[in-house]
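Here's the letter readout for the chains.
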Amino acid sequence: MRRPVILFLFIGSSIYLPIASADISEDLKTILKVDHRAEGNLAAQIAYDSLSTADKSSLPAILKSFNEANPLAINYLRSAFEVIVTNGEGKLPMSELEIYLKDQSNHQKARAMVFELINKTSPEKAEQMLDGMITDSSAEIRFQAVDKILTEADELSGDEKKNAYLKALKGASVESQVTKIRDTLKKSNVEVDLQEHFGLLTRWKAIGPFDNKDMKSFDVVYPPETELDFSATYEGMEGDVQWQTIETDDPMGSVDIAKSIAPYKGAVMYLYSEYESEQDQDVFFRMATANAWKLWVNGELVFAREEYHRGMRWDQYRVPVSLKKGANKILFKILQNEQEQDWAQKYEVQFRVCDKSGQGLQPKAPFDPTK
Amino acid sequence: MSYIRSFLLITLTLNCTQNLRAEDWRQFRGNNISGVSASPLPDVISGDTIKWEVDLPGRGLSAPIVVGDRVYVSASSGFDQDRLHLLCFNKQTGTQIFERQFWATGRTVSHPKMSNATPTPCSDGERIFITFSSNDVICTDLDGKLRWFRGMNYDYPNATNSLGMSSSPVVIDETLIVQVESDADSFAFGLNVKDGTERWQLERPRKANWTSPTIVEKPQPLVLLQSAKGIDAIEPKTGKSVWKYDSGASTIPSSLVSGEVVYIPSNGITAIDLNKPNDDALWNVKRLRPSTPSPILTNGMLLTVGSVITAAEPDTGDKLWEFRVSGPFSASPIASGKYVYLFSENGLAQVVEVSKEEGKLISDYDFGEKILATPAASDGAIFVRSDGHLWKIGN
């Protein structure tokens, strides 16, 4: 437990009380222990109170602790950081904060928070920094860098405008920005391959339909869940079924079973694809579907979701996945119910592979579903 | 913990404690979740009655709440709606007292009309509890000091709704009641206000649910959890079920408790005597079906809002009149005596005078911005927010 060096106590006041800090490491350790189901909350509350009274020289240490923090702990740290920036004694250690920001291996959200602080204290400096942040590892910073280019490009024309948009495309990962860039570049006869840019998986094998009448088959194990034999024939809902190929040329990568195969109702379909990874790596599968689904990667169930027709939105689901070097087997069970409303007829999925900031990742080689 | 730190903590806690006031508006639809103001509100809304306007940094369908001389409001921002805001303003002047920001730990996806800041915060007079569609539950003191943070989606990854979550929490008996209900995992939680630990957790019907819990004070303190299956009346501190109504209920407008009767959006409106909840309903009227706004009872009339206001006798459900208003509405109405205040999605404020004979529009004002949030009322003023602004309306 750290020892306060200076204490200002104003009885009757409810403002934060500055305490110059010698050592905040115990407070940080305590906060880093918060976890699921309120574990460590009470201790973190006390540590947060203590940490919030530290002076501004403590900010770099708080930032470093973000790198070890879970999504709950970063909120305690952020809040303490804010309080110290507002009420803490001393001067903001701007050079140290900038060093933290420049190291892209640091916590992305904490870096974005630091950038915002710089933007508040030195807007012109932040503006200049953005020019070199178009491929930053932080999605939030990159979004601002792309936005700056697009805003400035509004004043340009011809090749200058086109080149500015091509530059912005390198950093753009947010759908609204990418589609704006695509639409603008199209006027300059430049086609943007959205499937490739977003890392969409567009080539699959498919098999089904299997029975899902009355939505009873979410947990029914059909043969593709126990064996991947692409030459096999199984008994399906409407007769024998075999694996077939399904590919999409939809720019946004929608694999539409209803349109490409049949608008089955009360059905289960399985989709299979492979992702050739150049290395062992942690990625995110970002998906959108209005149908219930289960996802296996290399034979392991990674997530399951039994929700029908609550909308289909870009990046609706984000599932963290560890890929191994080489071919990774992706099996997707997608279930349709029997709702009759016109808004409940979607039977499709968008499926992309990206890094944790949302940048699309390309496989080493595309999957060929015909083999 | 050192002596000095303990003393400091106790002192600050005492400083933050404020007496509860009738003029507080501590949760969605006010202290008793009736939507009725304790004091008269202006009968005219115009540019002249707007006392102040402040900018908000993010979107929100959440209502403002009022504790003492402060107005609190939540918002969410960012291209992913993952930036969570709590803002606090001086009630008299609109001066911002503080802003706190957090990051969502759960899913932020929602229908475009909704936003992450859809549930309304609540307060027990000492703490502010802020929840979001991402199922993040944040507790601060009245000065914005973080007390605890729960990520219910972080704990229960499948308790989400792709259209967004909107249930606003209530706090009673040192327990924060949070409904996290969806087609997939579905729960209700009673969280200890001091640290967010679970006093109880209930499995709930697996069906998307946007309603908010309602508090019953008599004959015993209960919380009514509404769902597609009906109502489950529970003890706040234990979660123990006391009675059930199982004839189904809406998953959008919430129930209204007035006196010893609960008016449930169920097959229209169904009235239940809280002294005899297991007996047959007092009455049921299908034609009183509310749309998104929750029902309200004022000036001796039960009112539901759709494309028209429908007035009914609270004792019988007999229809008195209908009055066409300019919708559509996401916000629930608030009222003061004979005046009912409606804010349409198009930003049109309408003051309707209601009597047993008729409803009559006496004032309207176009705010020029989309308004989806239910207003709050305190000390004769109305507080309403859009995605971009918070306004105080008063005489």
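Reading the values: rules and limits
Residues numbered from 1 in each chain as written. Chains lettered and ligands numbered in written order. Predicted model: local features only at pLDDT ≥ 70, side-chain atom pairs only at ≥ 80, totals over all residues. Heavy atoms only, no water. Helix = DSSP H or I, 4+ residues; strand = E, 2+ residues; numbered from the N terminus. Buried < 20%, exposed > 50% of the residue type's maximum accessible area, 1.4 Å probe, protein only. Lys, Arg positive; Asp, Glu negative; His and termini not counted. Charge placed at Lys NZ, Arg CZ, Asp CG, Glu CD. Core = buried A, V, L, I, M, F, W, Y, C linked by side-chain atoms within 4.5 Å. Contact = heavy atoms within 4.5 Å. Pairing = 2+ DSSP bridges. Axes fitted to C-alpha atoms, helices over the stretch in contact; angles between N-to-C directions. Buried area = accessible area lost by both parts, 1.4 Å probe. Salt bridge = Lys/Arg side-chain N within 4 Å of Asp/Glu carboxyl O. Polar contact = N/O pair within 3.5 Å; in protein donor to acceptor, adjacent residues only side chain to side chain. Nonpolar A, V, L, I, M, F, W, Y, C, P; charged D, E, K, R; others polar. Phe/Tyr/Trp six-rings, centres within 6.5 Å; stacked < 30°, edge-to-face > 60°. Lys NZ or Arg CZ within 6 Å of the ring centre and 35° of its normal. Domains from an automatic or database assignment. Expected span 1.5 Å × (residues − 1). pLDDT = per-residue confidence, 0-100.

**A closer look at the overall build of chain A**
If you tally the helices and strands in chain A, you get 12 helices and 12 strands. With the C-alpha coordinates of chain A rotated into their principal frame, the extents come out at 80 × 55 × 40 Å. Put simply, chain A has 371 residues, and 54% of those count as buried. Measuring between centres, the 45 positive side-chain charges of chain A sit 3 Å from its 58 negative side-chain charges.

**With respect to the nonpolar core**
Formed by 96 residues in total, the largest nonpolar core has its most connected members in I62 and F66 of chain A. Sorting elements by how many residues they give to this core places helix 4 (residues 73-87) of chain A first, with 9 residues. When sequence neighbours within four positions are dropped, the list of residues in contact with F66 of chain A reads I74, L77, R78, Y100, H107, A110 and M113 of chain A together with W103 of chain B. Residues L201, L295, F332 and V353 of chain A belong to the second largest nonpolar core, which totals 30 residues.

**Some thoughts on the sheet that holds strand 19 (residues 261-264) of chain B**
All names here are of chain B. Reading across from one edge, 18-19-20-21 is the order of the 4 strands in this open sheet, with antiparallel pairing throughout. Each edge of the open sheet carries a strand with a single partner, namely strand 18 (256-258) and strand 21 (283-285). Direction aside, the axes of adjacent strands within the sheet are offset by 20° on average. Relative to strand 21, strand 20 (residues 269-273) runs antiparallel, the two sharing 3 bridges. Each bridged residue has a counterpart across the sheet, and for I269 the counterpart in strand 21 is V285.

**Observations regarding the environment of S378 of chain B**
Residue and element names in this part refer to chain B. Within the fold, S378 resides in strand 30 (residues 376-378). Distance from S378 to V71, taken between C-alpha atoms, is 9.5 Å for residues 307 residues apart in sequence. Aside from chain neighbours lying at most four places away, what touches S378 is E23, V66, K91 and F383.

**Here's the deal with the interface of chain A and chain B**
With 55 residues of chain A in contact, the opposing surface of chain B contributes 54 residues. Approximately 4800 Å² of surface area, both sides summed, lies buried where chain A meets chain B, with 54% of it carried by carbon and sulfur atoms. Counting every contact that joins chain A to chain B gives 9 salt bridges. Scanning the region where chain A abuts chain B turns up 30 residue pairs in polar contact (both at pLDDT 80 or more). The set of elements that each furnish at least two residues to the side of chain A that touches chain B consists of helix 2 (41-51), helix 4, helix 6 (108-121), helix 8 (139-153), strand 9 (300-305) and strand 10 (317-323) of chain A. Along the lines of polarity and charge, the residues of the side of chain A that touches chain B split into 27 nonpolar, 12 polar and 16 charged.

**Some points on the packing of aromatic side chains**
If you walk through the whole model with that rule in mind, you get 26 aromatic pairs over all chains. Ring geometry for Y272 of chain A and F367 of chain A: centres 5.9 Å apart, planes at 75°, overall edge-to-face. With Y272 of chain A in strand 6 (residues 267-277) and F367 of chain A in the segment after strand 12 (348-354), this pair connects stretches of sequence that are 95 residues apart. Taking the relative accessible area as the measure of exposure, Y272 of chain A reaches 1% and is therefore buried. With a centroid separation of 4.9 Å and 90° between ring planes, the pair formed by Y365 of chain B and F367 of chain B is classed as edge-to-face. Judged by relative accessible area, which is 9%, F367 of chain B ranks as buried. Connected via pairs of aromatic rings, a cluster forms that spans W204, F285, W293, F303, Y317, F332 and F351 of chain A. Seen from the ring of F230 of chain A, K205 of chain A lies directly overhead, with NZ or CZ sitting 4.9 Å from the centre.

**Overview of the sheet that holds strand 4 (residues 244-247) of chain A**
Residue and element names in this part refer to chain A. An order of 4-1-6-11-8-9 is seen for the 6 strands of this open sheet, with the pairing classed as antiparallel. Each edge of the open sheet is held by one strand with a lone partner, namely strand 4 and strand 9. On average, each strand axis in the sheet is tilted by 25° relative to the strand beside it, whichever way the strands run. The pairing of strand 8 (residues 292-297) with strand 11 (residues 326-336) spans 6 bridges and is classified as antiparallel. Among the inter-strand pairings, W296 is bridged to a residue of strand 11, identified as L331.

**What to know about the domain arrangement of chain A**
All names here are of chain A. Domain boundaries assigned for chain A yield domain 1 (25-121), domain 2 (139-192) and domain 3 (199-354). Here the C-alpha centre of domain 2 lies 34 Å away from the C-alpha centre of domain 1. Contact residues are listed per partner, giving 6 residues for domain 1 and 4 residues for domain 2. Across the domain 1 to domain 2 interface the summed buried area is about 370 Å²; carbon plus sulfur atoms make up 61%. For the pair domain 1 and domain 2, the interface holds 0 salt bridges. By residue number, the principal contributor to the side of domain 1 that touches domain 2 is helix 6, which donates 5 residues.

**Description of the pairing of strand 8 (residues 136-141) of chain B**
All names here are of chain B. With 6 of 6 residues buried, strand 8 is to be regarded as a mostly interior element. What you see with strand 8 is no split at all: D136, I138 and T140 on one side and V137, C139 and D141 on the other are buried throughout. In this structure, strand 7 (residues 127-131) lies alongside strand 8, joined through 5 bridges in antiparallel fashion. Bridged to T131 within strand 8 is V137.

**Overview of helix 6 of chain A**
Quick reminder: α-helices carry 3.6 residues per turn. Residues three or four places apart thus point the same way. When the terminal C-alpha atoms of helix 6 of chain A are compared, their 20 Å separation across 14 residues agrees well with the 20 Å that a helix rising 1.5 Å per residue should span. Those residues of helix 6 of chain A that sit buried are Q108, A110, R111, A112, M113, V114, F115, L117 and I118 of chain A.

**A word on the side chain of S115 of chain B**
Residue and element names in this part refer to chain B. Looking at where S115 falls in the secondary structure, it is placed in the loop between strand 5 (96-103) and strand 6 (122-123). A relative accessible area of 1% places S115 in the buried class. Excluding residues that lie within four positions of it along the chain, S115 makes contacts with R59, G60, L61, S76, Q81, S110 and S133.

**Examining the confidence of the model for chain A**
Segments scoring low in pLDDT should not have their predicted coordinates read at a detailed level. Summary statistics for chain A give a mean pLDDT of 94 and a share of 94% for residues scoring 70 or more. A low-confidence stretch, residues 1-21 of chain A stays under pLDDT 50, and its non-local contacts, those more than four residues away or across chains, total 58 contacts.

**Things to note about unusual backbone geometry**
When glycine is set aside, most residues are seen to have a negative phi, and most peptide bonds are trans. For the bond from G208 of chain A to P209 of chain A, the omega torsion is 5°, close enough to zero to count as cis. Mapped onto the fold, P209 of chain A is located in strand 1 (residues 203-211). For the peptide bond that leads from G327 of chain B to P328 of chain B, omega is 0°, which places it in the cis range. Its place among the elements puts P328 of chain B in the loop between strand 25 (319-324) and strand 26 (334-336). A positive phi angle is found at H309 of chain A, which is not glycine, with a value near 55°. If you trace the backbone, H309 of chain A turns up in the loop between strand 9 and strand 10. Backbone geometry places R29 of chain B, a non-glycine residue, at a positive phi of 70°.

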